[in-house]
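If you want the building blocks of each chain, they are given just below.
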Amino acid sequence: MSRRRLEAAILAGKEIGEGKEWPSHFEKVELIKEVPFKYDRDGVYSLQFSLEGDLLAVGYGNGGIELLDATTGESAQNLQRSKYGGLPVTCIRFHPKEHSMFFAGTALGVVSAYNTADGSHKEIIVENDNEINCLDFSLNGSSFATGGKDLDVRIYDTDTQQIVRQYCGYHENTPHSDVTQGHAMRIFALRFHPENNHIFITGGWDNHLKIWDARSSDGVKRTIHGPHICGDSLDIKGFKILTGSWAAKHSLQVWDYSEGKLEHDVEFPDEGRGAFLYCAQFCDNNVVLAGGSGTNSAKAINVDTNECLGTIKMTRPVQAMDTTQGGRIIAVGGADHFLQISKLT
């Protein structure tokens, strides 16, 4: 079961138990709480809610990782202490089966495993001379993949932490006989398909999406030209792909997964400053959420009508964002000394 479906099942069970029903449409964004940091964290670089939606894991720019209560914003656990001169925690992903476990990747090329039940953690992977910008678990959690500065995509066995496959990127000095279809510039987004254990998509600076099949030796099965991905701005829902590009215009787009073609642009109100997106994610009820540096905000937009349902305002660039309960709860962080917890209603 995919993360989105599992979250929905958990919430539906709670709602049924309370005699409630999910709304069939969203109308507005409301701020729940602004959460200030007690000391300088060098910004927020990664965020993810637990599958139950009760905890929020936050990765900071100086290497710290903290667990917050998802509704109050109060600190629940300080899992990794921040360090002066520490490098960013660039990506966080909860395990789809073991709900108290999440993996975090860093700009040092390290992946560590964290246990929210007992607060323990251990370093499990070191990718020398790499900066890991993204990681994700497969549908059943048996494997995970990483991508980053060195252009390679690595797939690991989750239990053994051994490399199952490594797909090399394209380098100008690569012998012609060894040229691959991999990325030619840094990878910033990686997302496994929510309904297929072997398919995943990557994007980065080279203005291409790559659709991979982990069962094959060559990996890439389709390339889609267009999106300039600079953050966690890639999502998949059914046969739709959502991308957020670090570009002034045509930045928020929906693509057809089967055909590999652009379906349509989603209008991102930018007040004449350009969108320049770092984050994008599907929500329920035909709504997407996206944010970046053009407007220093995240916005909820209906993809059918292009109506902006609301804005989560920051004073500096939005660098990280996540939702739970189909978008009903939203966390947004970035270069500011605080993060915002909001809701879609």
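Caption draft 1: Up close: the overall build of the protein. What the protein contains, in helices and strands, is one helix and 28 strands. The C-alpha atoms of the protein give 19 Å as radius of gyration, which agrees with the globular expectation for 345 residues (20 Å, within 12%). Considered along the principal axes of its C-alpha atoms, the protein spans approximately 60 × 45 × 40 Å. Burial status across the protein gives 56% buried among its 345 residues. Accessible area of the protein: about 14700 Å², with a carbon and sulfur share of 49%. Taking the average place of the 33 positive charges on the side chains of the protein and the average place of its 45 negative ones, the gap between the two points comes to 1 Å.

Caption draft 2: Quick look at the nonpolar core. Grouped together as the largest cluster of nonpolar side chains are 17 residues, with contacts concentrated most on Val287, Ala300, Val332 and Leu344. Going through the elements one at a time, strand S23 (287-292), strand S24 (297-302), strand S25 (308-313), strand S26 (318-324), strand S27 (329-334) and strand S28 (338-344) are the ones with two or more residues in this core. If we ignore the near neighbours within four places in the chain, the residues touching Val332 are Leu47, Ala298, Ile312, Met314, Val318, Ala320, Met321, Leu339 and Gln340. Ranked by size, the runner-up nonpolar core spans 15 residues in total, among them Ala70, Ala320, Ile329 and Ala331.

Caption draft 3: Summary view of the pairing of strand S14 (residues 187-192). Of all six residues in S14, six are buried; the element is thus mostly enclosed. The pairing of S14 with strand S15 (residues 199-204) spans five bridges and is antiparallel. Residue pairing in the sheet places Arg191 in a bridge with Ile201 of S15. Adjacent in sequence and paired antiparallel, S14 and S15 are bridged by six residues.

Caption draft 4: Representation of the sheet that holds S14. Reading across from one edge, S14-S15-S16-S17 is the order of the four strands in this open sheet, with antiparallel pairing throughout. With one partner strand each, in any of the chains shown, S14 and strand S17 (220-225) form the two edges of the open sheet. Going from strand to strand, the sheet's axes swing by 20° on average, the running direction of each strand aside.

Caption draft 5: Region of the structure containing unusual backbone geometry. Positive phi, normally seen in glycine, also occurs at Leu151, with a value near 80°. Locating Leu151 in the fold gives a position in the loop between strand S11 (143-148) and strand S12 (153-157). Residue Asn306 is not a glycine yet carries a positive backbone phi of 65°.

Caption draft 6: Region of interest: the pattern of salt bridges. Tallied over the full model, the rule gives 21 salt bridges. The shortest N-O distance in the salt bridge between Lys237 and Asp284 comes to 3.9 Å. Of this pair, Lys237 sits in strand S18 (residues 234-237) while Asp284 sits in the loop between strand S22 (277-282) and S23, placing them 47 residues apart in sequence. On the accessibility criterion, Asp284 (15% relative accessible area) is buried.

Caption draft 7: Quick look at the packing of aromatic side chains. The tally for this structure, following the rule as stated, stands at 13 aromatic pairs. Ring centres of Phe94 and Phe102 lie 5.1 Å apart, and the angle between their planes is 55°; this geometry places the pair in the tilted category. For Phe94, a relative accessible area of 5% translates into the label buried. Aromatic ring contacts, followed pair by pair, group Phe103, Phe137, Phe144 and Tyr156 into a single cluster. When the ring centre of Phe268 is taken as reference, the NZ or CZ atom of Lys299 above it lies at 5.9 Å.

Caption draft 8: How the structure looks around the sheet that holds S26. The strand order S1-S28-S27-S26 describes an open sheet built from four strands, whose pairing is antiparallel. This sheet does not close on itself; its edge strands, each paired only once, are strand S1 (29-36) and S26. Averaged over all pairs of adjacent strands, the angle between their axes in this sheet comes to 20°, without regard to strand direction. As judged from the seven bridges shared by S1 and S28, these two strands associate in the antiparallel manner. Counterpart to Glu34 in the pairing with S28 is Gln340.

Analysis parameters
Residues numbered from 1 in each chain as written. Predicted model: local features only at pLDDT ≥ 70, side-chain atom pairs only at ≥ 80, totals over all residues. Heavy atoms only, no water. Helix = DSSP H or I, 4+ residues; strand = E, 2+ residues; numbered from the N terminus. Rg over C-alpha atoms; globule rule 2.2 N^0.38 Å. Buried < 20%, exposed > 50% of the residue type's maximum accessible area, 1.4 Å probe, protein only. Areas by Shrake-Rupley, 256 points an atom, 1.4 Å probe, with all protein chains shown as cover. Lys, Arg positive; Asp, Glu negative; His and termini not counted. Charge placed at Lys NZ, Arg CZ, Asp CG, Glu CD. Core = buried A, V, L, I, M, F, W, Y, C linked by side-chain atoms within 4.5 Å. Contact = heavy atoms within 4.5 Å. Pairing = 2+ DSSP bridges. Axes fitted to C-alpha atoms, helices over the stretch in contact; angles between N-to-C directions. Salt bridge = Lys/Arg side-chain N within 4 Å of Asp/Glu carboxyl O. Phe/Tyr/Trp six-rings, centres within 6.5 Å; stacked < 30°, edge-to-face > 60°. Lys NZ or Arg CZ within 6 Å of the ring centre and 35° of its normal.

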